[in-house]
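A structural walkthrough
Listed here are the chains, written in short residue letters.
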Amino acid sequence: MDKNHLQLDHLVVGYNGKALIHGIEIGVQRGEIVTLVGPNGSGKSTILKTITRQLLPVGGEIFLSDEEDSSPKKLDRFSPADLARNMAVMLTGRLQTELMTCRDVTAMGRYPYTGRLGILSDADEQKVEAALAAVHAQGLSDRPFDAVSDGERQRILLARAICQEPKIIVLDEPTSYLDIRHKLELLSILHRMSREQGITVVMSLHEIDLAMKTSDRIICVRGEEIFACGKPSEILDDETVRKLYDLDPALGRFDAKNGSLDLFFAEKESGVNADRPMKEDTAEEAVIAESKKVSSKADEKETESIAIPRLMIAAPGSGSGKTLVTCGLLRLLQRKNLHPAAFKCGPDYIDPMFHRQVLGIPSRNLDTFFSPEDSENAANTTAATLARAVAKNGAGIAVIEGVMGYFDGTGASGMEASSFDLAQQTDTPVILTLNAKGMSRSVVALLRGLVDYEKENRRIRGVILNRISPGMFPVMKKWIEEDTDLKVIGYLPQDDSLSWGSRHLGLLQPEELTGLQEQIDHLADTLENTIDQEALLDLASTAPAIRTPSESAGKKADIALTSSGASEKSEKKADPAGEKQIVPRIAVARDEAFSFYYEDNLEMLQECGAELVFFSPVHDRTLPAADGLLLGGGYPELHAQALAQNEEMKAQICECAAKGMPLLAECGGFMYLQENLVLADRTAGKDGADQKTWKMCGLLPGTCRMTDKLVRFGYIELEKKDGQSGEAGCLKEGHRIRGHEFHYFDSTDNGNACTARKPGRRRSWDCMVVQDNIMAGFPHLYYRSDPDFAAAFVEKCRQFSRK
Amino acid sequence: MDNLQRPEYAHAKALRRTRYTVVFAALAAAFLAMIILNINTGSVSIPVGRILRILFLRQGEANEVSIIWKIRMPRILQAAILGGALALSGFLLQTFFGNPIAGPFVLGISSGAKMCVAVVMILLIGRFGTASSWALILAAFAGAMMSTAFILVVSRAVRHMAGLLVAGIMIGYICSAITEFLVTFAEDSDIVNLHGWSQGSFSGADWSGTGTAAMIVGIAFFCVFLLAKPIGAYQMGEAYAQSMGVNIKRFRMELIILSGLLSACVTAFAGPISFVGIAVPFLVKRALGTSKPIVVIPAAFLGGAVFCMVSDLIARMAFSPTELNISTVTSILGAPVVIYMLIRKNR
């Protein structure tokens, strides 16, 4: 014992006489590096403060030996000045200074050695220089201390301690706020001091790997006791670390040999995360693998459950950064090999297209108006659609991008078809992202308002703060987590380079794609550091398993069948045996002019037994051999010239239609089938007259003209117009199909075979041109909302193919 | 490790020295200029030549000699001494609370002193017809300590500065209310005197009071100067100061007693004077470009003296012959500085 430099003898530490940790029995030898590790709040700082005499021991004694050979003295026998010449400290927390240069701060270390007025002698000045040199900070000498970076501050504070010429130096979390480079620099200086000058180092560290590699001895502090104490290699193993920090075995493992943390939830990139302190509270399990079927239980014979970790990114309003955060997260999840599947709330085509084309992630629409919960059609619920897409793509996690504000929808309540509605129907945990620029504490009030408004079945569980400064994040996180039940997942700092805001995403050129890829990679890089990925995955895995009616299981079997060629739809009315064999081919126009297709619509055509072939009315000169033709919406007006000049294609379409080939066209496709498309000249890119008329197919009568506002837009329900008998195209008597309209064009002949009704309102209008084999009009239809619609179309194609 | 003095540092050091010299020279020049201007200014106009003769040769018309020696000189010196004391008191409180907005006025220390002085004045003048300056200083010191004790108790419960300032302002209001109450029920003859004094003014200055003030403030200044070293350490925070060998308990006690003594002295002679204690140390530190106590202490004292002399000149002359309260002027000059500090701090 008498050889020890510092001896803690039956020490009891605590505050105000209340004991926190008992029976601390540690001897530190001269020149040793001793590190305290342990979770936050375990009492590391309390021990260090007691050693530095900021706190009085509650019990026991501290001995410190003055000179090399002298026997240890009780700490309270040292006068303040004596102790200062023996022991220097470096404290955690930020130092506020006013008008002090780094040199002034460093020179403070000479305090115990200067005279009454504290004036520095030349010898003192040289020691200050030497201390600055030791931490490689001479260049900072005359810079104001409050204007240098965190890493520089810590080095200056270390220089101050060195300047005090202590024999023992006590540091409380000296590496907090530092990046890896600065951490290593700081630790290397301490190491050199200990080895070359025999200075004893006692410190606390959060980074268990660094502690292991730099320390001669490790002391594990946990709650009321010293948990373990000894050489790092002897005491630090997986079990100790796990017990010390109360780690969840499912999340990671401490690799004692390499001194690193292996993270099970991010196998590939574990190295990146190893450095981060582990969180104390990790919930049940982060189960992220391929989507798993939790086999259907006997007593629930009609349904089956599929466990799908899932999340919705929603917002208090548009412009909160939903798209940005969603795209960044998708790319991040993709990089981690978690196989995300993307979903977009609402009828919009563009975001799913963006997910598919730019991110290469399967993406679909989920819309509670198209797929009402109370529908008798069990295959057409949002939950069933979600489950189907996840199963089909073998996805590991589903990410739903919300639409507008979380509660903003339509219908009488104003909340139908809102993100809220979808989250409720699919039991999806919601992460709110909000633009917190220009706000601080008000964010908490805003969040509480949103959370409270959800009344029951609260889905809002987490928050990602957008456009805040990294410095504000911990403060805001604390506020939010104090006053709400929400988990603050992370933030996205303001970065003006991260914005593809108003650009028309449907109109990407390949060269633009590269730039976007870079932006999204950059975004994902950023999020990787600012998002608590564990918390994110944990939240996603709290989503209950999705119950889908067993009918959808039957459907899935169908998908497998259709993809391998043979096809059949589980329909009530049986087809004659011979017809089952016929697989009608449907030619689908899909290029830059016609790009708007719901993935589910195409899938449904396949389920009904059709084979799809794709072609381009802009580029292709011949129509592929087919038994039916589908023309979706898109931007024909932007490619009017190419479409008009592709006479071969126009002629073949008219020819096939004349032969009776079934033809279905929506919006842009409908415009293409009419006689003329009249555009303002600037769009057409020619000079001369104000307007330019382009000849389209001329299969249907009418001319389309651009207007300056949206014509008849919003959700609609379509049914055969009253007073007409039989069926309208593929729409059977008494059947209704849901869809939406969204177009700036209006035709001289919009058709009048059907009536479109806005939900919950009186408003209705005529639409759809229906001839014996043609059905075309402005509405975009969602086939699953009338299961017979797609079947009827495929059936017509089948009959045509038999001719 | 011999000569490590790098040329850059030598250069920076020389620049610093030059800056200090310039600031001190400017303050000294302003100090002299204010003394001359103050002596030369008044409702009776006396040419400079005659003033010099009166000052140095004590020759001249009797009434002019009286005006200069009995009215203007003690007032000027008192403004200088008490102004310096106020600035110093503010600087000590700012160090103590680690906040640049702390000062004797906002923390209610001046008001506490004022209240005790009012009590003693009414009692003593009522009984004996006079009150010695020592009795008043003692009363003021007791009041200052009382307010400080209250603030210290609050500061244990309230960790953040804003709460502390609110507490200070509240105790200020309470003390002022009690003072007003006493003034309302005091006998007529006392009221004019008391009322003028309770708003703050140098108009009552005489040589004996000035001598007493000079002595007390002189001693306090000397003590503060000797504390320059631990004050510098304390600016880095209590924990660091302790680790460098400062006896924290004793040091805090010294700070409180000295700042209380200084502000009590001011209050006893001139009543409460606002904002000097905050504005002057701030301006002086900016001008010097450092917060090193060893230069800030004398500079703040000089700066406070100049600031109060300027304020007193304005108070005397702006609406002559009506005299303004000194606080009216110091508030107009000092409050914008404090507002600027707040804005800058929150940026």
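Look up: the structure comes first, before these words.
Residues numbered from 1 in each chain as written. Chains lettered and ligands numbered in written order. Predicted model: local features only at pLDDT ≥ 70, side-chain atom pairs only at ≥ 80, totals over all residues.

1. Describing the overall build of chain B
Along the backbone of chain B there are 14 helices and 0 strands. Split into buried and exposed, the 347 residues of chain B put 46% on the buried side. Counted over contacts in chain B with a minimum sequence separation of 6, partners at least 24 positions apart contribute 76%. (Helix = DSSP H or I, 4+ residues; strand = E, 2+ residues; numbered from the N terminus. Buried ≥ 20, exposed ≤ 12 C-beta atoms within 10 Å, placed from the backbone. Contact = placed C-beta atoms within 7 Å.)

2. Quick notes on the overall build of chain A
Counting its regular elements, chain A contains 25 helices and 37 strands. Taken over 803 residues, chain A has a buried fraction of 49%. In chain A, once contacts between residues fewer than 6 apart in sequence are set aside, the share between residues at least 24 apart is 73%.

3. Considering the interface of chain A and chain B
Counting residues at the interface gives 28 residues for chain A, matched by 28 residues for chain B. Of all the secondary-structure elements, those providing two or more residues to the side of chain A that touches chain B are helix 2 (80–86), strand 6 (87–90) and helix 4 (122–134) of chain A. Within the side of chain A that touches chain B, the residues separate by chemical class into 15 nonpolar, 8 polar and 5 charged. (Nonpolar A, V, L, I, M, F, W, Y, C, P; charged D, E, K, R; others polar.)

4. So, the sheet that holds strand 9 (residues 217–222) of chain A
Sheet strands line up and pair through hydrogen bonds in the backbone, either parallel or antiparallel. Residues and elements named next belong to chain A. Taken in spatial order, the 6 strands of this open sheet run 6-7-8-3-9-10, and their pairing is mixed. Only two strands of the sheet have a single neighbouring strand rather than two, namely strand 6 and strand 10 (225–230). Between one strand and the next, the sheet's axes are offset by a mean angle of 15°, whatever the strand orientation. Pairing of strand 6 with strand 7 (residues 168–172) involves 4 bridges; the strand directions are parallel. When the sheet's bridge partners are listed, Met90 is paired in strand 7 with Leu171. (Pairing = 2+ DSSP bridges. Axes fitted to C-alpha atoms, helices over the stretch in contact; angles between N-to-C directions.)

5. Points about the sheet that holds strand 18 (residues 397–401) of chain A
Residue and element names in this part refer to chain A. Across the sheet, which stays open at both edges, the 7 strands sit in the order 17-16-18-15-19-20-21 with parallel pairing between neighbours. Each of the sheet's edge strands pairs with one partner strand only, and the pair in question is strand 17 (363–366) and strand 21 (487–492). Recorded for the sheet is a direction-independent mean angle of 25° between the axes of neighbouring strands. In this structure, strand 16 (residues 340–345) lies alongside strand 17, joined through 4 bridges in parallel fashion. Bridge pairing in strand 17 links Ala342 to Ser363. Helix-sheet contacts for helix 12 (residues 350–359) involve strand 16, strand 17 and strand 18, and the interaxial angle to strand 17 is about 160°.

6. Observations regarding the environment of Ile171 of chain B
By the element assignment, Ile171 of chain B lies in helix 6 (residues 161–185). Residues contacting Ile171 of chain B, with those up to four places away along its chain left out, are Gly108, Ser111, Gly112, Ser147 and Phe150 of chain B.

7. Thoughts on unusual backbone geometry
Glycine aside, residues mostly have negative phi, and peptide bonds are mostly found in the trans state. Residue and element names in this part refer to chain A. With a phi close to 50°, Asn16 is a non-glycine residue in the positive phi region. For Asn16, the location among the structural elements is in the loop between strand 1 (4–15) and strand 2 (18–29). Residue classification places Asn16 among the exposed positions, given that 7 C-beta atoms sit within 10 Å. You will see that Glu165, though not glycine, has its phi angle at about 45°, which is positive.

8. A few points about the nonpolar core
Grouped together as the largest cluster of nonpolar side chains are 250 residues, with contacts concentrated most on Leu432 of chain A together with Ala140 and Cys265 of chain B. Ranked by the residues each element gives to this core, the list is headed by helix 3 (residues 62–97) of chain B, at 17 residues. In this view, Leu432 of chain A contacts Ala314, Ala315, Pro316, Tyr406, Leu447, Leu450, Ile460 and Val463 of chain A; residues no more than four positions away in its chain are not counted. Of all hydrophobic cores here, the second largest spans 74 residues; its members include Met661, Leu699, Ile716 and Cys767 of chain A. (Core = buried A, V, L, I, M, F, W, Y, C linked by C-beta atoms within 7 Å.)

9. Points about helix 6 (residues 180–197) of chain A
All names here are of chain A. End to end, helix 6 covers 25 Å across 18 residues, agreeing with the expected 26 Å (1.5 Å per residue, within 8%). Among the residues of helix 6, those classed as buried are Lys183, Leu186, Leu187, Leu190, Met193 and Ser194. Projection of helix 6 onto a plane perpendicular to its axis shows the buried side chains occupying an angular sector of 115°, all on one side. Every exposed residue of helix 6 that faces more than 90 degrees away from the buried side is listed here: Ile180, Arg181, Ser188, Arg192, Arg195, Glu196 and Gln197. In the stretch just after helix 6, Gly198 is the one whose phi turns positive, near 65°. (Expected span 1.5 Å × (residues − 1). Arc of directions from axis to C-beta.)

10. A look at the pairing of strand 34 (residues 764–767) of chain A
Relative to strand 34 of chain A, strand 33 (residues 754–757) of chain A runs antiparallel, the two being bridged by 4 bridges. Following the sheet pairing, Thr755 of chain A is matched in strand 34 of chain A by Asp766 of chain A.

11. As for the environment of Lys49 of chain A
Residues and elements named next belong to chain A. The residue Lys49 is located in helix 1 (residues 44–51) in this model. Judged by the 20 C-beta atoms lying within 10 Å of it, Lys49 falls in the buried class. Residues Lys49 and Asp172, spaced 123 residues apart in sequence, show a C-alpha to C-alpha distance of 8.7 Å. Once you skip the residues sitting within four places of it in the chain, Lys49 turns out to touch Gln54 and Leu55.

12. Digging into the packing of helix 3 of chain B against helix 8 (residues 207–226) of chain B
All names here are of chain B. Running from N to C, helix 3 and helix 8 cross one another at 30°; their axes reach a closest spacing of 10 Å. Accordingly, the angle class assigned to the pair helix 3 and helix 8 is roughly parallel. The element helix 3 and its partner helix 8 pack so that their crossing is left-handed. Residue-level contacts link Pro74, Leu77, Gln78, Ile81, Leu82, Gly84, Ala85, Leu88 and Leu92 of helix 3 to Trp207, Gly209, Thr210, Ala213, Ala214, Val217, Phe221 and Val224 of helix 8. Tallied by class, residues from the contact of helix 3 with helix 8 come to 13 nonpolar, 4 polar and no charged. (Parallel < 35°, antiparallel > 145°, perpendicular 65-115°, else oblique. Left-handed = near helix turned anticlockwise from the far one by under 90°.)

13. Observations regarding the pairing of strand 11 (residues 252–255) of chain A
Residues and elements named next belong to chain A. Side-chain alternation along strand 11 places Gly252 and Phe254 on a buried face and Arg253 and Asp255 on a face that remains uncovered. Pairing between strand 11 and strand 12 (residues 260–263): 4 bridges, direction antiparallel. Opposite Asp255, over in strand 12, you have Ser260 as the bridge partner. What sits between strand 11 and strand 12 in their antiparallel hairpin is a turn of 4 residues, with Gly259 showing a positive phi close to 60°.

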